[in-house]
Amino acid sequence: MTIWRGMACAVLVLVVCLSLFASWLAPDGYAKQYREVADAPPSATHWLGTDEIGRDRFARVLYGTRISLLLAPAAALLSTLMAALIGGLAGYVGGAWARIAMAITDLFLSLPWLFLLITVRALLPLNVSPLVSVLVTFLMLGLLGWTAAARVLCTTAGTLRGSDFVRQARASGISPTRLFWIHVAPNLKPVLYAQFWISIPVFILSEANLGILGLGVAEPMPSWGSLLRELEGLVSIGEQPWKFVSLLLLVIVVTSFQLVLSQEEAAA
Amino acid sequence: MLGQKIARHGITIVATVLIGALVSATLVRLAPGFDTDEAQLDPHLSSSSIEALRQSRLEQHNVLAFYVRSLKRATHGDLGTSISLGQPVSQLLKERVPLTIRLAGMGLLLSWAIVLALALTAAWLRLTAYDTLATMLSGTLLCMPAAVLALLSVLWNMPGALAIALIIFPRDFRFTRNLLAKAYALPHVLAARASGISESRILFRQVVPVVLPQLLALAGVSISLALGAAIPVEALCGLAGVGQLAWQAALARDLPLLVNITTLVTLVTLLANSSADVIGHMFGGQPS
Amino acid sequence: MLGLLPALAAAQGELRFCLRSEPKTFDPLKVEDDASVAVRYLTGGVLVRMNRQTQALEPELAQSWKVSKDGKQITFKLRSGISFSDGTPFSAEDVAYTVRQMMDPALHSPTGDAFRSGPGNVETKIISPTQISITFPASVAGLDRQFDQVAIVSAHSPKKEMAVLGPFMVAEYKSGASLLLKRNPNYWKTDAQGRKLPYLDSIKLDIQPNRDVEMLRFKRNELDLINSLDSEYFDKLATTAPQVVHDAGPSLDSEQMWFNEVAKAPLPPYKKAWFRSAAFRRAVSQAINRDDMARLVFRGHAQPAMGPFSPANKFWFDAKLKPIAYSPDAALKSLQSEGFRFENGTLKDKDGNPVVFSIITNSGNKYRERMATMIQDDLQKIGIHINVVTLDFPSLIERMTQSFDYEAILLGLTNVGLDPNEEMNVWLSSSENHQWNPKEPAPETTWEAEIDRLMRLQASSADPKKRKEAFDRVQEIVVEQSPFIFLVNRNALSAVAQDVQGAAPVILVPQTYWNVERISLK
């Protein structure tokens, strides 16, 4: 294991442990409003200061990590698997099936899914628990976020289908299913890893944007995405660098994920 | 053979665009808030005026009928009238499409220039530190909300195209870097390197033909990403393009405008991806 | 070199500021959105104008006017020798044409709707080219003041509504980007020294919905004013350039929440019972800390609301109303006396149902999102659990006006005018905008019936004292029954660059450029 990969593992373990021990590290929780010290800078009591209505930012970052760190990778995994199945299989099968699959993929890329998400929100009861709301959000992201990678996977699988080693394997009498899983699928890994790694921060940010439609985490539950939305008041937060902690944390975690995955990417 | 391929793509494009327009009209029509107008909350309005507001959308209630009427009108060049802006859709698109094409086009070119520069040098040099730095750069940009990047472009007086490039670059970089790394690890490339063939020859003769179809597919997809990125960038930079129009239309549930914008986006996406397929096929290794 | 251009433009007398959205129409009779209202104010010529500073009605295109005792008829004596921006002469015919168009039921003019006090046709009588009388089928309260919103349209000009009588005219419109207004060469007004007005050559309006970008551009001297400034930006600017920010005090606007009292709403019966109980509503109101809301959400640039009208509306505000005291203990006691029980941190009704409901507000409004979160925290203290849901506006409107599938809503009311008659459609129980229970076939409660009676009484009276008495009582009933829980009245905040001369921001819309014809640039 390289030093970089070791450090990345250590960072991820630390972040996970911090989020798991959030209730011990921030016993007052993420919702308590210290209204007398609202929008305060970092202090001994509030290590990352407080937000506009006095909630401890450190507590919110910790609890938000649980939501985002658990659900974003899960949604990323879902979208990656769907991209593999749809794009990979289509490219492997080829012919009219590939054309139809890619036409559907292109359609998926172009349609205004905003309205589907609005409809999903309308179908959910207003008193749905914040956890269910955020689960539904990440599920929707996973189900809709596979299209870009599917296209690339289809092309890759199509190229592999015509390659010498696949032809040799086919000529040796191997079944199409075995051929796909043993010879083709492993060669799709570079694209799959890229898709997985990209999807994590994209879904975290998308979850925050879906707050506009009533999806995503509901107040007072925090998520990285909702914390990152603070940055949109860029003009006014320039002199408050502690508000960038959530961005820094996300960058560190995403980069650490990548460094951990890079071994598998290199081997793929 | 190529002609047949192009013809097949052409038919697929037409069919997909027609279906896409109907599906998007259905999505908009069925979404909550379709029959509403912010104006109805104005306490000055009488009941009959509020009722008139509701009735103004009556002709769009039946999606299929609306769609067929729109298609018939479109054959005469009439794309309908925007409900939210009260202007002909064709005029709105004519005014705004060129700006979006310029913005997204420049953004894409810039993005791919950065992607190829970084990814090629990473694959070429095979230095862990360089790769890690490039990863951290793309990771940082990937973690920044698009609205923040757009705001930064306003803050630092950068062109909107650069904001789009910075939004798209990290996504394309990772795929490209992995594809190139994989290609450089192929036995025949390793053998070529071992035999002392120059790096540029290896790149253009051995590596590029292997990854070109996938890179073209990625390029096709990144056109959709660029159009999506145009929405926050145009809105925040005050650029009157199609992205800004799309967002306004979505908020107002402006069916005529949304259907036409979706049709346009679908057409562009399909053309881009089909072109990528055809060109990739010409260089070999494409599904037929 | 390029950086000097904004400064050069200003030196030529071009005022620059932003519109938050695209104007939907330039026809002054069809105006309803804020951006179109702004354009109408800058380009439209009116018969009378309410001075936004003194709130007195002043002559404009009309030299004088007389309202009949029964409030049904108004006679205007017009100025002579005035032309529209394209040279077409102005006369009583244009006023008649404007009124006929405005009152045409097929046009559904929001401006015209404000005059619809009863069934029947409006009659216009041209007495002479400079004299006209207009007769309405029923009394219109504050008849003369209503004409402040009526921009006169030419009956003869080929340019139709683009021929204007105001200080500026639309010169260039780039959809989605900007609007350029140039001085109307035929504007009739002069200053005391006989100089032609307006002083400015032009006004450039950029379409920019994002307040962060607007603030950035103001700081970079690319804009001359921000008409409605966010409180955090106010504070930021106040530290670096205190002379550019203006706090005109509480505005007429209010933020409020209400419960769904619609009988056919798809809610469980026990929730309907809560929401239809005045005691429940009052208890919720008592449990909300308005001072904290004003202090934290609006950074002190707001004050707790006391009732339907802001104290800034000096004549109509009922001075007998007292601030609503924050008292969670009293709120809990009141609920307990209604049969509610506080058990293990949860409030339950007499049937054991935990008091849980959702409050929806429009997304993208950070102030309302924070207010909702504070309400959530306040009510948690008395065991009421709230789910905060932010929705896009069309979805919210649909729930509010069509499906009635909501429990509580947090929204605001923007008051453009002072007269309670402008809110007739909010208070009448049969109206569409009677938000907590719209379009009641008959008033469902005695207090709503009383409000109906009082609103009709004040609308039909020409005596300001009688009208005030009636509306004071309406305000008192509203506070007692709390169909709306009024939260805060925001202050009217604005920013005006130092180069701008003559601006005097006020609370009435348009705050900073109400006297645009007398504004100039150094």
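The rules behind each value
- Residues numbered from 1 in each chain as written.
- Chains lettered and ligands numbered in written order.
- Predicted model: local features only at pLDDT ≥ 70, side-chain atom pairs only at ≥ 80, totals over all residues.
- Helix = DSSP H or I, 4+ residues; strand = E, 2+ residues; numbered from the N terminus.
- Rg over C-alpha atoms; globule rule 2.2 N^0.38 Å.
- Buried ≥ 20, exposed ≤ 12 C-beta atoms within 10 Å, placed from the backbone.
- Contact = placed C-beta atoms within 7 Å.
- Pairing = 2+ DSSP bridges.
- Axes fitted to C-alpha atoms, helices over the stretch in contact; angles between N-to-C directions.
- Core = buried A, V, L, I, M, F, W, Y, C linked by C-beta atoms within 7 Å.
- Nonpolar A, V, L, I, M, F, W, Y, C, P; charged D, E, K, R; others polar.
- Right-handed = clockwise from strand over helix to strand, strands pointing away.
- Parallel < 35°, antiparallel > 145°, perpendicular 65-115°, else oblique.
- Left-handed = near helix turned anticlockwise from the far one by under 90°.
- pLDDT = per-residue confidence, 0-100.
- Expected span 1.5 Å × (residues − 1).
- Bend = angle between axes of the 7 residues up to and from the residue.

### Details of the overall build of chain C
So, step 1. Scanning chain C from N- to C-terminus turns up 16 helices and 22 strands.
So, step 2. Here the C-alpha radius of gyration of chain C, 25 Å, is about what a compact globule of 522 residues would show, namely 24 Å.
So, step 3. Projected onto its principal axes, the C-alpha coordinates of chain C cover approximately 75 × 60 × 40 Å.
So, step 4. Burial statistics for chain C: of 522 residues in total, 54% are counted as buried.
So, step 5. Contacts in chain C between residues at least 24 apart in sequence constitute 67% of all its contacts with a sequence separation of at least 6.

### As for the overall build of chain A
So, step 1. A tally of regular secondary structure across chain A gives 13 helices and zero strands.
So, step 2. The helix and strand sequence of chain A, counted from the amino end, reads α-α-α-α-α-α-α-α-α-α-α-α-α.
So, step 3. Dimensions of chain A, computed from C-alpha atoms along their principal axes, come out at roughly 75 × 50 × 30 Å.
So, step 4. The buried share among the 268 residues of chain A stands at 52%.

### A word on the sheet that holds strand 6 (residues 123–128) of chain C
Residues and elements named next belong to chain C.
So, step 1. Taken in spatial order, the four strands make up an open sheet running 4-5-7-6, and their pairing is antiparallel. Two strands close off the open sheet at either side, each with one partner strand: strand 4 (62–67) and strand 6. On average, each strand axis in the sheet is tilted by 15° relative to the strand beside it, whichever way the strands run.
So, step 2. Helix 3 (residues 92–102) rests against strand 5 (73–78), strand 6 and strand 7 (131–135) of the sheet, and its axis sits at about 180° to strand 6.

### So, the nonpolar core
So, step 1. Ranked by size, the top nonpolar core spans 309 residues in total, and within it Leu-153 of chain A, Ala-150, Ile-164 and Ala-226 of chain B together with Leu-47, Ile-359 and Ile-409 of chain C carry the most contacts.
So, step 2. In terms of residue count, helix 9 (residues 199–237) of chain B provides more of this core than any other element does, 22 residues in total.
So, step 3. Discounting residues that sit within four places of it in the chain, Leu-153 of chain A has contacts with Ala-83, Ala-84, Gly-87, Gly-88, Gly-91, Leu-188 and Val-191 of chain A.

### Quick notes on the interface of chain A and chain B
So, step 1. Each partner contributes residues to the interface: chain A has 49 residues there, and chain B has 54 residues.
So, step 2. Residue assignment for the side of chain A that touches chain B shows that the elements contributing at least two residues are helix 4 (95–110), helix 5 (114–123), helix 7 (147–161), helix 10 (189–209) and helix 13 (245–267) of chain A.
So, step 3. Each residue belonging to the side of chain A that touches chain B can be placed in one class, and the counts come to 32 nonpolar, 11 polar and six charged.

### As for unusual backbone geometry
Residues and elements named next belong to chain C.
So, step 1. Geometrically, the link from Leu-197 to Pro-198 is a cis peptide bond, its omega value of 0° lying close to zero.
So, step 2. Cis geometry is adopted by the peptide bond preceding Pro-510, which originates at Val-509 and carries an omega value of -5°.
So, step 3. Tracing the sequence through the fold places Pro-510 in the loop between strand 21 (500–501) and strand 22 (520–521).
So, step 4. Here the phi dihedral of Arg-299 falls at roughly 55°; this positive angle occurs in a residue that is not glycine.
So, step 5. Residue classification places Arg-299 among the partly exposed residues on the basis of 18 C-beta atoms within 10 Å.
So, step 6. Unlike most non-glycine residues, Phe-404 shows phi in positive territory, near 55°.

### Examining the pairing of strand 17 (residues 356–362) of chain C
All names here are of chain C.
So, step 1. In terms of burial, strand 17 is largely enclosed, as five of its seven residues are buried.
So, step 2. Here strand 17 pairs with strand 18 (residues 385–391) via seven bridges, running parallel. Across the sheet, the residue bridging to Ile-360 is Val-389, located in strand 18.
So, step 3. After leaving strand 17, the chain enters helix 12 (residues 366–380) and then returns to the sheet as strand 18, a path that is right-handed.
So, step 4. Where strand 17 and strand 19 (residues 408–413) come together, two bridges link them in parallel fashion. The residue bridging Ile-360 from the neighbouring strand is Ile-409, located in strand 19.

### Here we look at the interface of chain A and chain C
Interfaces are often sized by the accessible area lost when the parts come together.
So, step 1. Contacts between the two partners involve 22 residues from chain A and, on the opposite side, 28 residues from chain C.
So, step 2. Secondary-structure elements contributing two or more residues to the side of chain A that touches chain C are helix 5 and helix 12 (234–237) of chain A.
So, step 3. Of the residues that constitute the side of chain A that touches chain C, the class distribution is 11 nonpolar, seven polar and four charged.

### Some details on the environment of Leu-57 of chain C
Residue and element names in this part refer to chain C.
So, step 1. Note on placement: Leu-57 falls in strand 3 (residues 57–59).
So, step 2. In the structure, Leu-57 is positioned 87 residues away from Asp-144 in sequence and 8.3 Å away in space, judged by C-alpha atoms.
So, step 3. Every residue in contact with Leu-57, bar those within four places of it in the chain, is listed here: Val-48, Met-50, Asp-144 and Arg-145.

### Focus: the packing of helix 3 (residues 57–93) of chain A against helix 6 (residues 130–144) of chain A
All names here are of chain A.
So, step 1. Between helix 3 and helix 6, the shortest axis-to-axis distance is 8 Å and the interhelical angle comes to 30°. Compared by their axis directions, helix 3 and helix 6 come out roughly parallel. For helix 3 against helix 6, the interelement crossing comes out right-handed. Residues Ile-67, Leu-71, Ala-72, Ala-74, Ala-75, Leu-78 and Ser-79 of helix 3 pack against Val-134, Phe-138, Leu-139, Leu-141 and Gly-142 of helix 6.
So, step 2. Here the contact of helix 3 with helix 6 is composed, by residue class, of 10 nonpolar, two polar and no charged.

### A short note on the pairing of strand 8 (residues 168–174) of chain C
Residue and element names in this part refer to chain C.
So, step 1. Pairing of strand 8 with strand 9 (residues 178–183) involves six bridges; the strand directions are antiparallel. Within the sheet, the bridge partner assigned to Glu-172 lies in strand 9 and is Leu-180.
So, step 2. A loop of three residues connects strand 8 with strand 9, the two strands running antiparallel in sequence, and Gly-176 in this loop sits at a positive phi of about 85°.

### Quick word on the confidence of the model for chain C
Residue and element names in this part refer to chain C.
So, step 1. Looking at chain C as a whole, the pLDDT averages 93, with 98% of positions reaching at least 70.
So, step 2. Ranking the elements of chain C by mean pLDDT puts helix 1 (residues 5–11) last, at 42, and helix 9 (residues 278–286) first, at 98.
So, step 3. When the criterion is pLDDT under 50, residues 1–11 qualifies, and its contacts beyond four places in sequence or with other chains add up to seven contacts.
So, step 4. Both scores are given for the predicted complex: the pTM is 0.91, the ipTM 0.89.

### Examining the environment of Pro-98 of chain B
Residues and elements named next belong to chain B.
So, step 1. Assignment of secondary structure puts Pro-98 in helix 4 (residues 89–125).
So, step 2. Note on Pro-98: 12 C-beta atoms within 10 Å, which makes it exposed.
So, step 3. Pro-98 sits 143 residues away from Gly-241 along the chain, and the two C-alpha atoms are 7.8 Å apart.

### Points about helix 10 of chain A
Residues and elements named next belong to chain A.
So, step 1. Over its 21 residues, helix 10 extends 30 Å from the first C-alpha to the last, a length consistent with the 30 Å expected when each residue adds 1.5 Å.
So, step 2. Bending of helix 10 peaks at approximately 30° at the position of Ser-199, with proline Pro-201 no more than four residues after it.
So, step 3. Most of helix 10 is tucked away, with 19 of its 21 residues classed as buried.

### Description of the packing of helix 10 (residues 242–252) of chain B against helix 11 (residues 255–282) of chain B
All names here are of chain B.
So, step 1. Contact geometry for helix 10 and helix 11: axes closest at 9 Å, N-to-C directions at 140°. Our classification of the angle between helix 10 and helix 11 gives oblique. As helix 10 packs across helix 11, the resulting crossing turns out to be left-handed. Of the residues in helix 11, those in contact with Val-242, Leu-245, Ala-246, Ala-249 and Ala-250 of helix 10 are Leu-257, Leu-258 and Ile-261.
So, step 2. For the contact of helix 10 with helix 11, the class distribution of residues is eight nonpolar, no polar and no charged.

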